[in-house]
Amino acid sequence: MKKTLFLLTILLFLFQQCNSQPGEPEPAPEETGTWASAREINVRLGKGINIGNTYEAMQSWQSPFDPADLKRIADLGFTHVRLPIRWERDDRSMSTAPYTIESAFMQAIQSAVDEALKQKLHIILNMHHHDALMANPAGEKARFLSQWEQIAGHFKNYPDSLLFEILNEPHDKLTPALWNDYAESALRVIRRTNPRRCVLLGTAEWGGVGGLRSLEIPDDPQLILTVHYYNPFQFTHQGASWSEGSDAWLGTQWHGTVFERQAVKEDFKTVIQLAGEKNIPVHVGEFGAYSRADIDSRVRWTRFLARWFEQQSFSWAYWEWNSGFGIYDPQNRRYEQRLVNALVSDPMPDL
């Protein structure tokens, strides 16, 4: 009898093995109901790019969103996109209570999210260019929190490959002290419906590394610290029409010398120290050099930063896809291939 049971067990095992699919991937988080840690998700974010000058733009300078871009981005080897969004536009949301976001606009954002997930891209939704909040924090706080309540509620059943970023580059009258309060309030609102979703927390004073001096990080294990980096500014923004006096910077180059590389490392010392102390992963949400800089310098700067960020275990999102800093020309459907290579494939250059 024991021998018969033993043989039946062996046969059952062999039958299961023959009917299994070798090499089959593990179920995705949304299928199992499990959620990855912030650190695991930050590794999955990896290389990313901003869909800039699109949903965060005003109507006068908005580029149309092309869903096919998400397949192009995935095919190039990027693993996430950051979608900057100006929710406060008059054609998108109410400026008075109950501050309702237009359903048609919410559906447009949902379509972008769905397409990104279809292309196996992670996607970060943020709140971008909330000018009224920067100018009048107290008067706009209720709207700010209401919008996050609506966004979080709408996407609460999405998988962990969708992330939220509370606010892009707080500045002006949204002081560092106020930002600590407003960020924590928004996080509490998000957590009511999304207790495990990863949320990105940026810094005051325009989102740069200098804002870390005053940033208070809430006690929340599912946070990712995000910073922006455009140094040296006279190189990255030379000739930019929105930066006063920038025409005088035309011709500024970046050679990747020991001194230039060391300046980058010095800028990020505080980031690395804080990330270690707080055990929080880091995402560089924006970095890029404007197209009026010479292409050789842009390639050198971009390549060094992308590889160096990866060496520090930072995820990153280049600014941006198809406008003044971009890697893709939508009119001619051509890539700036040297910049593409600098981002996704070139090795760290020797000195």
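Basis of the calculations
Residues numbered from 1 in each chain as written. Predicted model: local features only at pLDDT ≥ 70, side-chain atom pairs only at ≥ 80, totals over all residues. Heavy atoms only, no water. Helix = DSSP H or I, 4+ residues; strand = E, 2+ residues; numbered from the N terminus. Rg over C-alpha atoms; globule rule 2.2 N^0.38 Å. Contact = heavy atoms within 4.5 Å. Areas by Shrake-Rupley, 256 points an atom, 1.4 Å probe, with all protein chains shown as cover. Lys, Arg positive; Asp, Glu negative; His and termini not counted. Charge placed at Lys NZ, Arg CZ, Asp CG, Glu CD. 1 Å grid on protein atoms, 1.4 Å probe; cavity = no way out; pocket = protein on both sides within 12 Å on 5 of 7 lines; lining within 4 Å. Points joined across faces, edges and corners; volume = space filled by probe spheres on them. Phe/Tyr/Trp six-rings, centres within 6.5 Å; stacked < 30°, edge-to-face > 60°. Lys NZ or Arg CZ within 6 Å of the ring centre and 35° of its normal. pLDDT = per-residue confidence, 0-100. Buried < 20%, exposed > 50% of the residue type's maximum accessible area, 1.4 Å probe, protein only. Arc of directions from axis to C-beta. Salt bridge = Lys/Arg side-chain N within 4 Å of Asp/Glu carboxyl O. Nonpolar A, V, L, I, M, F, W, Y, C, P; charged D, E, K, R; others polar. Core = buried A, V, L, I, M, F, W, Y, C linked by side-chain atoms within 4.5 Å. Pairing = 2+ DSSP bridges. Right-handed = clockwise from strand over helix to strand, strands pointing away.

For the rest of this paragraph, the subject is the overall build of the chain. Each helix and strand counted, the chain has 13 helices and 10 strands in total. Computed over C-alpha atoms, the radius of gyration of the chain comes to 22 Å, within 12% of the 20 Å expected from 2.2 N^0.38 for 351 residues, which places it in the range of a compact globule. Of the contacts formed within the chain by residues at least 6 apart in sequence, a portion of 76% connects residues at least 24 apart. A total accessible area of about 16800 Å² is found for the chain, and carbon and sulfur atoms account for 52% of it. Between the averaged position of the 35 positive side-chain charges in the chain and that of its 43 negative side-chain charges there is a distance of 5 Å.

Considering all chains together, one arrives at 1 cavity of 30 Å³ or more under this definition. Quantified by volume, the largest cavity comes out at close to 40 Å³. Lining the largest cavity, in full, are Glu 165, Leu 167, Asn 168, Glu 169, Pro 170, Gly 202, Thr 203, Gly 207, Thr 226, Val 227 and His 228. Sorting elements by how many residues they give to the lining of the largest cavity places strand β6 (residues 223-229) first, with 3 residues.

One can find Asn 50 in strand β1 (residues 47-50). Once residues lying within four places of it in the same chain are set aside, the contact partners of Asn 50 are Arg 82, Pro 84, Gly 285, Glu 286, Ala 317, Tyr 318, Trp 319, Glu 320 and Trp 321.

A full pass over the atoms with the stated rule returns 28 aromatic pairs. Where Tyr 55 meets Phe 65, the ring centres are 5.6 Å apart and the plane angle is 35°; that geometry is what we call tilted. Of this pair, Tyr 55 sits in the loop between β1 and α4 (68-76) while Phe 65 sits in the loop between β1 and α4, and the two are 10 residues apart along the sequence. The rings of Phe 78, Tyr 229, Phe 235, Phe 268, Phe 287, Trp 301, Trp 308, Phe 309, Phe 314, Trp 316 and Tyr 318 are connected pair by pair, giving a single aromatic cluster. Of note, Lys 141 hangs over the ring of Tyr 182, and the distance from its end group to the ring centre comes to 4.6 Å. The residue whose ring lies beneath Arg 197 is Phe 164, and the NZ or CZ to ring-centre distance is 5.4 Å.

Let's shift gears to the confidence of the model for the chain. Across the chain, the average pLDDT comes to 92, with 91% of residues at 70 or higher. Low confidence marks residues 1-32, where pLDDT is under 50. Its contacts with residues over four positions away, or in another chain, come to 5 contacts.

Let us now look at helix α10 (residues 258-267). By the burial criterion, the buried members of α10 are Glu 260, Arg 261 and Val 264. Down the axis, α10 shows its buried residues gathered within 100° of arc, on one side only. In this structure, α10 carries Val 258 and Phe 259 as exposed residues pointing more than 90 degrees from its buried face. Each element contacted by the buried residues of α10 is listed here: β6 and α12 (295-311).

Here the structure, examined in full by the defined rule, presents 18 salt bridges. A salt bridge links Glu 266 to Lys 269; the nearest nitrogen and oxygen atoms lie 3.2 Å apart. In this structure Lys 269 comes out as partly exposed when scored by relative accessible area, which is 48%. Among the ionic pairs, Arg 338 bridges to Asp 296, the shortest N-O distance being 2.8 Å. Pair noted here: Arg 338 is in helix α13 (residues 337-344) and Asp 296 is in helix α12, with a separation of 42 residues, a long-range link. Asp 296 sits in the partly exposed class, given a relative accessible area of 34%.

Attention now goes to the layout of surface pockets. Roughly 800 Å³ of volume is contained in the largest pocket. Glu 169, Tyr 230, His 237, Trp 242 and Glu 286 are the residues nearest the centre of the largest pocket, which is lined by 31 residues in total. Counting only elements with at least two residues in the lining of the largest pocket, the list comes to α6 (131-135) and β6. When the residues that make up the lining of the largest pocket are grouped by side-chain class, the tally is 11 nonpolar, 14 polar and 6 charged.

The next point concerns the nonpolar core. Formed by 90 residues in total, the largest nonpolar core has its most connected members in Ile 166 and Phe 268. Ignoring any residue separated from it by four or fewer positions in sequence, one finds Ile 166 in contact with Met 127, Phe 144, Trp 148, Trp 179, Ala 183, Ala 186, Leu 187, Ile 190, Val 199, Leu 200 and Leu 201. With 9 residues, the next largest nonpolar core counts Ala 36, Ala 38, Leu 45 and Leu 200 among its residues.

Here strand β2 (residues 80-83) shows a buried face lined by His 80 and Arg 82 and a second buried face lined by Val 81 and Leu 83. As judged from the 3 bridges shared by β1 and β2, these two strands associate in the parallel manner. Across the sheet, the residue bridging to Ile 49 is Val 81, located in β2. In this region the chain leaves β1, passes through α4 and returns to the parallel neighbour β2; the handedness of that crossover is right-handed. Direction of pairing for β2 relative to strand β3 (residues 122-126): parallel, over a ladder of 4 bridges. Across the sheet, Leu 83 pairs through a bridge with Leu 125, a residue of β3. One crossover worth recording links β2 to the parallel β3 by way of helix α5 (residues 103-118), and it is right-handed.

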